[in-house]
Amino acid sequence: VDATRGGAETMYPEFRAKLKTLPPPPPKIPLKFIGQMESGRAGKYAILTDGRGLPIYGKEGQVIEGRYRILRIGVESVDLAYLDGRGRQTIRQTGQ
């Protein structure tokens, strides 16, 4: 953008006002995806950890930690969403 002509902020003051009022992004989900397992009729489970205690197991659609829903379990990642609708995040499997 040519500085002598002004950018979007000077040409469109409503654009600048909207930028200032956008909510901050949701915090990063503090879980690590460490693997998955399949159990016959029970289906596929994601195995996650918060690094502090026992592993957390969950299936697609299930709520874990009372705050997140498992949306999809992939081969190398899991998609989680905040229950309050603030956003979603893909967590890749961590390697050793």
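What you see is a predicted model, and the numbers here were worked out from it, not measured in a lab.

Each value, and the rule that gives it
Here the residue index of a chain counts from 1 through its sequence in written order. Under the rules for a predicted model, residues below a pLDDT of 70 receive no local features and side-chain atom pairs below 80 are neither given nor counted, while totals for whole chains, interfaces and linings still include all residues. Hydrogens and waters are ignored; side-chain quantities use all the structure's heavy atoms. Here, strands pair whenever DSSP counts at least two bridges between them. Only DSSP runs of H or I with at least four residues qualify as helices, and only runs of E with at least two residues qualify as strands; both kinds are numbered from the N terminus onward. Between N-to-C directions, angles cover 0 to 180 degrees, with each direction set by a line fitted to C-alpha atoms, over the stretch in contact for helices. Residue contacts are defined here by distance: any two heavy atoms, one from each residue, within 4.5 Å place the two residues in contact.

(A) Structural detail: the sheet that holds strand β1 (residues 32-39). One open sheet accounts for three strands, arranged β1-β2-β3; its pairing is antiparallel. Unpaired on one side and paired on the other, β1 and β3 (56-58) mark the two borders of the sheet. Within the sheet, the average angular offset between the axes of one strand and its neighbour, ignoring direction, is 25°. As defined by bridge partners, strand β2 (residues 43-49) adjoins β3 across three bridges and the pair is classed as antiparallel. Bridge pairing in β3 links Ile-47 to Tyr-57.

(B) A look at the environment of Ile-70. Locating Ile-70 in the fold gives a position in strand β5 (residues 68-73). Linking Ile-70 and Ala-46, residues 24 residues apart in sequence, is a C-alpha distance of 8.4 Å. Non-local contacts of Ile-70, meaning those with residues more than four positions away in its chain, are made with Ala-46, Gly-58, Lys-59, Glu-60, Gly-61, Gln-62, Ile-64, Val-78, Asp-79 and Leu-80.

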